[in-house]
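So the chains spell out like this:
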Amino acid sequence: MNLKQQNTAFIKKSALALGFDLCGIARAHKLEEDAIRLEQWLNKGLHGSMQYMENYFELRIDPSRLVPGARSVITLIKNYYPSEQQKKDSPKISKYAFGKDYHEVIRNKLTRLIELMKINIGEIHGRGFVDSAPVLERTWAQRSGLGWIGKNGNLINKQGGSFYFIATLITDLELEYDDPFVKDYCGTCTRCIDACPTDAILPDKVIDGSKCISYFTIELKEMLIPAEMKGKFENWMFGCDICQDVCPWNRFSKPHNEVEFTPIPEILNLSTKEWEAMTQENFKKFFSNSAMSRAKWKGIQRNLKFLQQTQSEHPADFE
Ligand code: B12
Ligand code: SF4
Ligand code: SF4
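Just so you know, these numbers come straight off a predicted model, no measurement behind them. (Residues numbered from 1 in each chain as written. Chains lettered and ligands numbered in written order. Predicted model: local features only at pLDDT ≥ 70, side-chain atom pairs only at ≥ 80, totals over all residues. Heavy atoms only, no water.)

This part takes up the overall build of the protein chain. Counting secondary structure elements, the protein chain contains twelve helices and ten strands. Since a compact globule built from 319 residues should have a radius of gyration of about 20 Å, the 20 Å found for the protein chain is in line with a globular shape. Overall, the C-alpha framework of the protein chain stretches about 65 × 40 × 35 Å when taken along its three principal axes. Here the analysis covers contacts within the protein chain between residues at least 6 apart in sequence; of these, 77% occur between residues at least 24 apart. Separation between the mean location of the 42 positive side-chain charges and that of the 41 negative ones in the protein chain comes to 2 Å. (Helix = DSSP H or I, 4+ residues; strand = E, 2+ residues; numbered from the N terminus. Rg over C-alpha atoms; globule rule 2.2 N^0.38 Å. Contact = heavy atoms within 4.5 Å. Lys, Arg positive; Asp, Glu negative; His and termini not counted. Charge placed at Lys NZ, Arg CZ, Asp CG, Glu CD.)

Here's what the structure looks like:
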């Protein structure tokens, strides 16, 4: 084994030991095709009021703008599929938010991985990212051989489905590269498109973010949810998993084994009435370490009111 192969093997082994499920590596380069897709997405306003998506365009398409001299983009994915389910009368919450905030959990693992690389490989430069940085994470995951981008826009892994977080580590270290995942196993299936209640899934794997329930319930700040969406949320209060729940590839999802993703009891157990009665103080107490804190107490109360209005006007839509 030459040094490059040894370093690559060390990184992949350490990633798994730290609790990541899969690790793939791509050569760092400018993302020319993705730049076009991203530009079109922004020009069509598919980001709605997520203005942060307009920022740092050049960084988003070029890893060397984030890490000078970048040679490799390491993608790490982590399963979050839970073994527990919410109670039937609970307002629905996306599975990714059941446990402790993944940003924090994964950031700690990335920091540790960089430390291990420095100790064992030498003076390298590297930065780890998860979700909130200007990095096209799904694209890098596909380019690192970890899966394909489904019609629902998600990265799907053939062995485990799509309930994975994606993290990226950009480094100036030269490594062995995986082949991109060139196949697409969606075939003629259209289940996600048919099931999306707000018609947010457009042709060619493009998602209209401004119509996604996840956007309305989490990202829309200090704003009312548009009236034309009434009756369409299928009781989703925080995020939406519909286009993943219906995906046949998620039959292969296996429960995660990450202790930090153990569900917060209130997420599984609280009824709609209990959520409606929750004070801001209690929201902070239960959810300060949860990804749900992004929507804030106010946002959750707005979402509940929206679901409630819908419920009284369309009683047939609910159990
Ligand atoms: C903005 C954002 C949103 C927005 C907009 C969604 C969107 N599709 O862009 C909203 C709030 C709606 C959202 C919702 C969700 N999100 Co989100 N989101 C992001 C974020 C921060 C940026 C995504 C982005 O750059 N969008 C711009 C568009 C243009 O890019 P894109 O969708 O990634 O698509 C690119 C590639 O797919 C590629 N591509 C498209 N077609 C093709 C075809 C080929 C052949 C190739 C090679 C490439 C390719 O081109 C696009 C541009 O390059 C990322 C984190 C990150 N930094 O990447 C998380 C991220 C994409 N979200 C994630 C998750 C989990 C979700 C939800 C499932 C959460 C939920 N349950 O409520 C939903 C799913 C909605 C959906 N069907 O996509 C995960 C996805 C994990 C996975 N397995 O794919 C990410 C990666 C966060 C993370 N670190 O884990 N999200
Ligand atoms: S997350 Fe829900 S609203 Fe968004 S695209 Fe998927 S099914 Fe549609
Ligand atoms: S539901 Fe079907 S079309 Fe949609 S992502 Fe899954 S396999 Fe692809």
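That was the structure; now back to the text.
Before going further, it helps to examine the sheet that holds strand β2 (residues 72-79). Read from one edge to the other, the open sheet built from four strands follows the order β1-β2-β7-β4, with strand pairing classed as antiparallel. Strand pairing shows two members of the sheet lacking a second neighbour, β1 (22-27) and β4 (126-130), which therefore form its edges. Neighbour-to-neighbour, the strand axes of this sheet turn through a mean angle of 20°, independent of strand direction. Direction of pairing for β2 relative to strand β7 (residues 164-171): antiparallel, over a ladder of eight bridges. Note that in β7 the partner of valine 73 across the bridge is isoleucine 170. Running at roughly 145° to β1, helix α1 (residues 3-17) makes contact with β1 and β2 of the sheet. Contacting β2, β4 and β7, helix α4 (residues 102-120) crosses the sheet at an angle of about 35° to β7. (Pairing = 2+ DSSP bridges. Axes fitted to C-alpha atoms, helices over the stretch in contact; angles between N-to-C directions.)

So, about the site of ligand 3. As a matter of local geometry, ligand 3 sits amid Gly150, Lys151, Asn152, Ile156, Cys186, Cys189, Arg191, Cys192, Cys247, Pro248 and Trp249. By residue class, the composition of the shell around ligand 3 is seven nonpolar, two polar and two charged. (Near = heavy atom within 4 Å. Nonpolar A, V, L, I, M, F, W, Y, C, P; charged D, E, K, R; others polar.)

This brings us to the packing of aromatic side chains. Within the structure shown, the criterion is met by 21 aromatic pairs. For the ring pair tryptophan 249 and phenylalanine 252, a centre distance of 5.9 Å and an interplane angle of 40° mean the geometry is tilted. Ring pairs connect the aromatic residues Tyr80, Tyr81, Tyr96, Tyr102, Phe163, Phe165, Phe238 and Phe261, which therefore count as one cluster. (Phe/Tyr/Trp six-rings, centres within 6.5 Å; stacked < 30°, edge-to-face > 60°.)

Along the chain, asparagine 79 turns up in strand β2. From its side chain, asparagine 79 meets the backbone nitrogen of tyrosine 81 in a polar contact 2.8 Å long. Filtering out sequence-adjacent residues up to four positions away, asparagine 79 remains in contact with Asp21, Phe163, Tyr164, Lys254, Pro255, His256 and Phe261. (Polar contact = N/O pair within 3.5 Å; in protein donor to acceptor, adjacent residues only side chain to side chain.)

Our focus in this paragraph is the site of ligand 1. In the vicinity of ligand 1 there are 36 residues, among which Asp34, Arg37, Glu137, Asn152 and Ser214 approach most closely. Within the backbone of valine 135, one N or O atom sits 2.9 Å away from a nitrogen atom of ligand 1. One of the backbone N or O atoms of tyrosine 164 is found 3.3 Å from a nitrogen atom in ligand 1. Breaking the shell around ligand 1 down by element, the ones donating at least two residues are α2 (32-43), α5 (137-143), β7, α7 (213-219) and α8 (242-245). Residues of the shell around ligand 1, tallied by class, amount to 19 nonpolar, nine polar and eight charged.

Opposite charge on two side chains lets them pair, provided their charged atoms get close. Under the definition given, this model contains 15 salt bridges. A salt bridge links glutamate 258 to lysine 78; the nearest nitrogen and oxygen atoms lie 3.1 Å apart. One end of the pair, glutamate 258, is in the loop between α8 and α9 (265-269); the other, lysine 78, is in strand β2, and 180 residues separate them in sequence. Per residue, the accessibility class of glutamate 258 equals that of lysine 78, and both read buried. (Salt bridge = Lys/Arg side-chain N within 4 Å of Asp/Glu carboxyl O. Buried < 20%, exposed > 50% of the residue type's maximum accessible area, 1.4 Å probe, protein only.)

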